[in-house]
Amino acid sequence: MALFEMANESRISIRLLWPLARMPAFGEKLLELCSRFDVSARDFANPEVRVPHRLLLRALEHGIASSQDPLFGLHAGERA
C-alpha cells in the first residue's frame, strides 16, 4: 500500500477489537493479525490507539472463518 493511501486510510478505536479478543480460541489469532498491521500487544491494551478500519474487517473475516459461526460479530458484541 502506498504511503499516501495509508495516511488517508480511515481509522477506528482499538476498543472495537476488544470484544473479538474475548471470543473463545480467537484472542491469540487476533494478536497475530494485529501484528501484521503493526499493532503490538502494548498498543492493543491502550484505549487511545487508533487502528486501520480494514484490521477490524479482517478480524471479523478470520473470526467467522475460524469459528464457522456466521454470527461471530454478534456473539463478540455480547462480550462488549
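## A short note on helix H5 (residues 53-67)
1) Next: The terminal C-alpha atoms of H5 lie 21 Å apart, and with 15 residues this matches the ideal 21 Å at 1.5 Å per residue to within 8%.
2) Next: When H5 is considered as a whole, its buried residues turn out to be Leu55, Leu56, Ala59 and Gly63. Across the axial projection of H5, the buried residues extend over an arc of 95°, all falling on one side.
3) Next: Here the buried face of H5 lies against strand S1 (11-13), helix H2 (18-21), helix H3 (27-36), strand S2 (50-52) and helix H6 (72-77).
4) Next: Immediately beyond the C-terminal end of H5, within one or two residues, lies Gln68, with a positive phi of roughly 60°.

## Focus on the nonpolar core
1) Next: Among the nonpolar cores identified, the biggest contains 19 residues, and Leu17, Leu20, Leu30, Val51 and Leu55 are the most heavily contacted of them.
2) Next: Taken together, the elements giving at least two residues each to this core come down to H3, H5 and H6.
3) Next: When residues no more than four places from it in sequence are discounted, the contact partners of Leu55 are Leu17, Leu33, Cys34, Phe37 and Val39.

## Quick notes on the pattern of salt bridges
1) Next: Under the criterion given, the structure shown has 3 salt bridges.
2) Next: Where Arg15 meets Glu48, a salt bridge forms, and the shortest distance between an N and an O atom there is 3.3 Å. Residue Arg15 is located in the loop between S1 and H2, and its partner Glu48 is located in the loop between helix H4 (41-44) and S2; the two are separated by 33 residues in the primary sequence.
3) Next: Arg15 sits in the partly exposed class, given a relative accessible area of 41%.

## Focus on H3
1) Next: Turning to H3, its buried residues are Leu30, Leu33 and Cys34. End-on view of H3: buried residues confined to an arc of 105°, all on one side of the axis. H3 presents Glu28 and Arg36 as exposed residues on the side facing more than 90 degrees away from its buried surface.
2) Next: Of the surrounding secondary structure, the elements contacted by the buried residues of H3 are H2, H4 and H5.

Definitions and cut-offs
Within any chain, residue numbers begin from 1 and follow the written order of that chain's sequence. Restriction of local features to residues with pLDDT of at least 70 applies here, the model being predicted, together with a cutoff of 80 or more for giving and counting side-chain atom pairs; totals for whole chains, interfaces and linings are based on all residues. The side-chain numbers reported here are obtained from all heavy atoms of the structure, hydrogens and water having been left aside. Here a strand is any run of E in DSSP of at least two residues, a helix any run of H or I of at least four, and the numbering for each starts at the N terminus. Take the residue count of a helix, subtract one, and multiply by 1.5 Å to get its expected span. When accessible area is computed with a 1.4 Å probe and restricted to protein chains, residues below 20% of their type maximum are described as buried, those above 50% as exposed, and intermediate ones as partly exposed. Taken from the helix axis, the directions to the C-beta atoms give the arc we talk about. The criterion used for residue contact is that any of the two residues' heavy atoms lie within 4.5 Å. Buried Ala, Val, Leu, Ile, Met, Phe, Trp, Tyr and Cys residues that are joined via side-chain atoms within 4.5 Å together make up what is termed a nonpolar core. Salt bridges are defined as contacts in which a side-chain nitrogen from Lys or Arg sits within 4 Å of a carboxyl oxygen from Asp or Glu.

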